[in-house]
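So you can see what is in the structure, the chains are spelled out below.
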Amino acid sequence: MKDYLKQFQFPEDLKEMDYDELELLSYEIRDFLIEKVSKTGGHLSSNLGAVELTIALHRCFDTPKDKIIWDVGHQTYVHKILTGRADGFDSLRKYGGMSGFPKQRDSEYDLFDTGHSSTSLSLGLGLAAARDLSGEDYEVVSVIGDGAMTGGLAFEALNNTAHLNTKIIVVLNDNGMSISPNIGGLSHYLGRLRGSRKYISMKAQIKKNISKVPLIGEGMIAGMQHARDSIKYAVIDGVLFEELGFKYFGPIDGHDLQEVCETLELAKQTDGPVLLHVMTQKGKGYSKAELNPNVFHGIGPFDMETGQLLSKSVKPSYSSVFGSKLIEMAQKDERIVAVSAAMLEGTGLAKFSHEYPKRTFDVGIAEGHAVTFAAGLAKAGCKPFVTIYSTFLQRAYDEIMEDVCLQNLPVVFCIDRAGIVGADGETHHGIFDLSYLKHMPNLTIMAPQDGAELEAMMELAAKLDGPCAIRYPRGTAPQLGGADHAEKLEVGRAMRLREGKDADIWALGSMVEKALDAAELLKEQGIEAGVINQRFVKPLDEEALQEAAKAHDLMVTLEDNVLTGGAGEEIDALLINENTRVLNMGWPDTFIEHGSCDQLYRVHGLDAAAIAERIKKELEG
Ligand SMILES: Cc1ncc(C[n+]2csc(CCOP(=O)(O)OP(=O)(O)O)c2C)c(N)n1
Ligand SMILES: CC(=O)[C@@H](O)[C@H](O)COP(=O)(O)O
Ligand SMILES: [Mg+2]
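Residues numbered from 1 in each chain as written. Chains lettered and ligands numbered in written order. Predicted model: local features only at pLDDT ≥ 70, side-chain atom pairs only at ≥ 80, totals over all residues. Heavy atoms only, no water.

- For the protein chain, an unreviewed UniProt entry supplies the name 1-deoxy-D-xylulose-5-phosphate synthase and the organism Lentihominibacter faecis.
- Taken directly from UniProt, the Subunit (unreviewed entry) text for the protein chain runs: "Homodimer."
- The UniProt entry for the protein chain carries the following comment under Pathway (unreviewed entry): "Metabolic intermediate biosynthesis; 1-deoxy-D-xylulose 5-phosphate biosynthesis; 1-deoxy-D-xylulose 5-phosphate from D-glyceraldehyde 3-phosphate and pyruvate: step 1/1." (UniProt positions renumbered as here; feature names shortened; annotations may be inferred.)

**Some thoughts on the packing of helix H7 (residues 120–134) against helix H8 (residues 152–164)**
- Running from N to C, H7 and H8 cross one another at 30°; their axes reach a closest spacing of 8 Å. Comparing the axis directions of H7 and H8 gives the class roughly parallel. Contact residues: Leu121, Ser122 and Leu125 in H7; Leu153, Ala154, Ala157, Leu158, Asn160, Thr161 and Leu164 in H8.
- Looking at the contact of H7 with H8, its residues break down into seven nonpolar, three polar and no charged. (Axes fitted to C-alpha atoms, helices over the stretch in contact; angles between N-to-C directions. Helix = DSSP H or I, 4+ residues; strand = E, 2+ residues; numbered from the N terminus. Parallel < 35°, antiparallel > 145°, perpendicular 65-115°, else oblique. Contact = heavy atoms within 4.5 Å. Nonpolar A, V, L, I, M, F, W, Y, C, P; charged D, E, K, R; others polar.)

**Some points on helix H26 (residues 567–574)**
- Among all positions of H26, only Ala567, Gly568, Ile571 and Leu574 are buried. Looking straight down H26, one finds that the buried residues subtend no more than 120° of arc, so they occupy a single side. (Buried < 20%, exposed > 50% of the residue type's maximum accessible area, 1.4 Å probe, protein only. Arc of directions from axis to C-beta.)

**Considering a negative patch on the surface**
- Taken together, Asp18, Asp20, Glu23, Asp256 and Glu262 make up a surface patch of like negative charges.
- Counting through the fold element by element, Asp20 comes out in helix H3 (residues 19–40). (Patch = residues over 30% accessible without salt bridge, like charges linked within 9 Å, V, L, I, M, F, W, Y side chains within 5 Å. Areas by Shrake-Rupley, 256 points an atom, 1.4 Å probe, with all protein chains shown as cover. Salt bridge = Lys/Arg side-chain N within 4 Å of Asp/Glu carboxyl O. Lys, Arg positive; Asp, Glu negative; His and termini not counted. Charge placed at Lys NZ, Arg CZ, Asp CG, Glu CD.)

**Let's talk about the UniProt feature "binding site: Mg(2+)" (unreviewed entry) in the protein chain**
- UniProt tags Asp146 and Asn175 as "binding site: Mg(2+)" (unreviewed entry). Spatial clustering of the annotated residues is evident: they stretch over 30 residues in sequence, but the largest pairwise C-alpha distance comes to 6.9 Å.
- Tracing the backbone through its elements, the reader meets Asp146 in the loop between strand E2 (140–145) and H8.
- Leaving out residues up to four positions away in the same chain, Asp146 has contacts with Leu172, Asn173, Asp174, Asn175, Gly176, Met177, Asn182 and Leu190.
- Along the chain, Asn175 turns up in the loop between strand E3 (169–174) and helix H9 (185–195).
- Beyond its immediate sequence surroundings of up to four residues, Asn175 is in contact with Asp146, Thr280, Gln281 and Lys282.

**Re the packing of aromatic side chains**
- The final tally for this structure, using the stated rule, is 15 aromatic pairs.
- Ring centres of Phe352 and Tyr356 lie 5.2 Å apart, and the angle between their planes is 45°; this geometry places the pair in the tilted category.
- Accessibility expressed as a relative area gives 0% for Phe352, which makes it buried.
- Between Phe361 and Phe373 the ring centres are 5.1 Å apart and the planes differ by 70°, which places this aromatic pair in the edge-to-face class. Placement of the pair is Phe361 in strand E7 (residues 360–362) and Phe373 in helix H18 (residues 367–379), with a sequence separation of twelve residues.
- Among the aromatic residues, those joined into a cluster by ring pairs are Phe32, Tyr77 and Phe89.
- Across from the ring centre of Tyr19, 5.0 Å away, lies the NZ or CZ of Arg59, which sits over that ring.
- When the ring centre of Tyr138 is taken as reference, the NZ or CZ atom of Arg131 above it lies at 5.9 Å. (Phe/Tyr/Trp six-rings, centres within 6.5 Å; stacked < 30°, edge-to-face > 60°. Lys NZ or Arg CZ within 6 Å of the ring centre and 35° of its normal.)

**Quick notes on the domain arrangement of the protein chain**
- The domain boundaries assigned to the protein chain delineate domain 1 (3–196 + 236–290), domain 2 (318–485) and domain 3 (494–620).
- Contacts between the two partners involve 22 residues from domain 1 and, on the opposite side, 16 residues from domain 2.
- For the pair domain 1 and domain 2, the summed buried area comes to about 1,400 Å², and 49% of that belongs to carbon and sulfur atoms.
- Three residues, Arg93, His116 and Ile183, lead the burial of domain 1 against domain 2; their summed loss comes to 37% of the area buried on that side.
- The interface formed by domain 1 and domain 2 contains three salt bridges.
- With its nearest N and O atoms 3.6 Å apart, the salt bridge here joins Glu426 to Lys103.
- Where domain 1 meets domain 2, there are seven residue pairs in polar contact (both at pLDDT 80 or more).
- Across the side of domain 1 that touches domain 2, the residue classes break down as five nonpolar, 13 polar and four charged. (Domains from an automatic or database assignment. Buried area = accessible area lost by both parts, 1.4 Å probe. Polar contact = N/O pair within 3.5 Å; in protein donor to acceptor, adjacent residues only side chain to side chain.)

**A closer look at the site of ligand 2**
- Surveying the vicinity of ligand 2 reveals the residues His43, Val72, His74, Phe101, His297, Tyr389, Phe392, Arg417, Asp424, His428 and Arg474.
- Note that an oxygen atom of ligand 2 is positioned 2.8 Å from one of the side-chain N or O atoms of Arg417.
- Among the domains, domain 1 (3–196 + 236–290) and domain 2 (318–485) are the pair contributing at least three residues each to the shell around ligand 2. (Near = heavy atom within 4 Å.)

**Concerning the sheet that holds E7**
- Spatially, E7-E6-E8-E9-E11-E10-E15 is the arrangement adopted by the seven strands of the open sheet, whose pairing is mixed. Edge positions in the open sheet fall to E7 and strand E15 (536–538), since each of these has one partner strand only. Going from strand to strand, the sheet's axes swing by 20° on average, the running direction of each strand aside.
- As judged from the five bridges shared by strand E8 (residues 383–389) and strand E9 (residues 412–416), these two strands associate in the parallel manner. Bridge pairing links Tyr389 to Asp416 in E9. (Pairing = 2+ DSSP bridges.)

**Observations regarding the environment of Met343**
- By secondary structure assignment, the location of Met343 is in the loop between strand E6 (336–340) and helix H17 (350–355).
- With 21 residues separating them along the chain, Met343 and Gly364 place their C-alpha atoms 8.2 Å apart.
- Not counting residues within four places of it along the chain, the set of residues in contact with Met343 comprises Ile179, Tyr389 and Phe392.

Below, the structure written as structure tokens:
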């Protein structure tokens with residue numbers, strides 16, 4: 001078989017290939033994706049579903065002059081292959097290697113460093129409006145999934161499109177899936193559209209028959225705008241997009257290269273906003289991913305034959321500890337409900353949703369709505385546990401402030417993926433939540449050192465009358481102290497784990513384990529460092545801090561958050577008049593690249609050895 005992938009360099013090569021050759025290329029790309037991602041891990045099923053669509057897009061448009069924006073960007077592996085980066089897949093998502101998301105630094109074909117959902121329409125509209133102002137001539141194409149289309153930002157952009165009435169092509173890549181099966185009214189609506197293939201075939205049939213009419217046939221077609229609209233209104237109910245000012249094309253088979261290419265060409269020739277509804281299968285071409293597209297949405301290295309993960313942690317993750325504990329609590333307290341923004345599995349709520357389907361609210365990719373919806377639940381007497389990744393919760397800043405904290409409503413924010421997350425990189429590290437939450441009045445903020453403490457904090461949260469946030473990292477939950485240890489949990493109280501006369505390390509959450517390890521390393525060098533499990537960022541344990549400051553020349557704060565606006569900043573302010581030095585350790589004011597968590601802590605001086613070294617140097621002055 002001709003190895004197209006090897007010959008292949010850049011998108012213009014696609015224009016020289018006929019549909020048969022393009023189809024052979026799509027087979028090669030699928031084999032390549034499965035083989036490479038099975039070794040490195042990554043986002044597989046979305047990329048398998050986008051093979052033909054991506055080939056067609058790069059064939060029909062003159063990239064990078066024509067602009068293609070990918071929503072979220074997790075489905076850009078094929079785009080990377082077609083833009084000269086096939087060699088990067090051996091280092092996919094590894095420290096110093098190729099990112100799994102679009103990166104401007106990597107390629108002129110990557111317009112934005114996307115990673116958060118539902119931005120592609122707004123970004124595309126901005127590009128189109130600027131193009132119109134400058135009089136330049138290029139196409140703008142926003143590729144958005146059916147899941148991302150449920151995000152509020154996408155609706156805001158759809159609304160604005162009619163107003164701008166600029167030329168933009170929106171490709172709605174509809175596979176019926178978000179990470180889990182897609183939810184909500186729009187998803188049902190798209191499902192009906194997917195079923196209305198009749199519109200495409202009827203329209204084609206009518207055009208074919210009429211064009212046979214001698215002399216007047218073509219004229220009739222042109223003049224049938226009114227008839228076309230009435231046919232359209234009659235045969236498809238997909239007028240939502242038409243009413244929003246788009247010319248709607250579809251639904252078409254997103255795996256039929258010729259159909260996609262021809263429809264894209266039609267879209268190019270059409271004035272004004274166009275929405276092309278493409279139906280694809282998430283996981284296409286790899287049976288295990290076809291059967292379980294959610295499992296292979298984001299997956300670790302796996303055995304290609306069996307589809308099984310090559311390594312599985314035996315210790316429970318923080319997410320699974322959270323999910324199991326919430327089930328146990330919900331059994332005793334019927335006020336408890338769970339709210340998720342399209343991340344039931346990732347946040348450990350899948351089992352809870354099976355046990356308590358009526359008390360589980362998956363609102364789609366809609367974090368702002370999730371929070372204000374939870375405020376409504378709380379106002380009416382429920383005890384909502386809103387579980388959202390730290391980075392995605394950024395979307396709900398105003399709702400947390402205005403609809404929950406200002407109202408002083410008893411909403412519990414379970415902030416998963418708080419801290420460095422690893423391979424997803426800059427767009428996904430949860431290292432800003434303390435900075436965007438700490439200044440919100442009425443909010444209690446806590447971080448567990450291990451699984452047992454997470455459970456204790458959840459119990460405590462359920463008893464609080466006002467809003468609170470519990471933040472915990474991706475990955476396995478250590479067991480540092482026994483369950484009794486967690487029972488001594490009191491709001492605003494830290495817990496001393498180790499005495500030490502030379503320095504006192506105030507560690508938060510997942511950094512407690514590193515602080516204990518660092519203290520051991522320092523002890524080997526004759527330095528006695530105390531370790532305190534800070535537990536609460538708000539309210540601070542001011543009494544314990546001031547007491548510790550009086551007894552130590554050096555106070556160290558340690559957090560898995562950026563220093564700017566972090567927990568350490570509060571401690572600085574509190575101890576400003578104490579006769580002690582404060583060393584703040586956390587993430588610098590920048591976006592942290594991708595890599596394994598261990599590598600990132602090491603490279604950025606936040607692993608135990610570096611912490612010990614830094615404290616030693618500070619003491620030596
Ligand atoms: C603001 C935000 N919330 C949640 C996510 C997590 N997330 C990444 S991809 C995805 C599902 C996207 O579904 P869709 O757009 O249909 O793409 P598909 O994977 O089906 O191709 C979700 C929820 C995110 N990236 N950004
Ligand atoms: C693309 C995206 O945003 C999600 O798939 C995210 O990568 C999931 O992260 P976890 O793997 O930490 O659940
Ligand atoms: Mg989808």
